[in-house]
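Report on the structure
Each chain, letter by letter, is given below.
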Amino acid sequence: LTMQALPGYATKFEVVRTGAGDVVKKGSYVTVHATGTVKESGYKFWSTKDPGQTPFEYQAGVGGVITGWDQGCLGMAVGEVRRLDIPAHEGYGKSGFPAWKIPANGGLIFEIEVLKIK
């Protein structure tokens, strides 16, 4: 697998598994499985696949999630899995997200699987 550049952004992505059918566009409502880890420490801070968690729904391309995720998922098809390498300034930035043990200026790795697009 090879990391690909995301034009206009510092986030990089690799396609772990291809999908088919509808693709994520700006304004789409997308349901995903997502697992996030801190790049520097490998600490898993969130996964929709953990017991008691459910798939996550968001509206794509409108700033409802961090920039690297928002832009990195555009163009994904149903069933596709992408691994996103998100630098801090397109993630949680200088303040990090202490409640999730994401340090200040911490990079993120997210694995996203598109389950549904509407």
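A few points on the structure.

What counts, and at which threshold
- Residue numbers run consecutively from 1 along every chain, following the written order of its sequence.
- pLDDT decides what is reported in this predicted model: residues at 70 or higher carry local features, side-chain atom pairs at 80 or more are listed and counted, and totals for whole chains, interfaces and linings draw on all residues regardless.
- Processing note: side-chain calculations cover all non-hydrogen atoms of the structure and skip hydrogens and water entirely.
- For this analysis, a ring pair means two rings from Phe, Tyr or Trp (six-membered ring only for Trp) whose centres lie within 6.5 Å, classed as stacked if their planes differ by under 30 degrees, edge-to-face if by over 60, and tilted for the remaining angles.
- The helix count covers DSSP runs of H or I at least four residues long, the strand count covers runs of E at least two residues long, and both are numbered beginning at the N terminus.
- Accessible area is worked out with a 1.4 Å probe on protein chains only. A residue is then buried under 20% of its type maximum, exposed over 50%, and partly exposed in between.
- Two limits define a charge over a ring: the Lys NZ or Arg CZ must be within 6 Å of the ring centre, and within 35 degrees of the ring normal.
- Contacts between residues were defined by any pair of non-hydrogen atoms, one from each residue, lying within 4.5 Å.

1. Let's talk about the packing of aromatic side chains
The final tally for this structure, using the stated rule, is 12 aromatic pairs. For the pair Trp46 and Phe56, a centre-to-centre distance of 5.4 Å together with 85° between the ring planes defines the contact as edge-to-face. Linking Trp46 in strand β5 (residues 44-47) with Phe56 in strand β6 (residues 56-59), this pair joins segments that are 10 residues apart in sequence. Overall, the relative accessible area of 15% leaves Trp46 in the buried class. Lying over the aromatic face of Phe13, Arg82 brings its terminal NZ or CZ to 4.3 Å of the ring centre.

2. Concerning the side chain of Thr31
Mapping Thr31 onto the fold places it in strand β4 (residues 29-38). Classification of Thr31 by relative accessible area gives buried; the value is 12%. Leave out the neighbours within four places in its chain, and Thr31 touches Pro55, Phe56, Glu57, Glu113, Val114, Leu115 and Lys116.

3. Overview of unusual backbone geometry
Glycine aside, residues mostly have negative phi, and peptide bonds are mostly found in the trans state. The phi angle at Lys101 is positive, at roughly 60°, despite the residue not being glycine. The residue Lys101 is located in the loop between β8 (81-86) and β9 (108-117) in this model. Positive phi, close to 60°, is recorded for Asn105, a residue that is not glycine. Note that Asn105 resides in the loop between β8 and β9.

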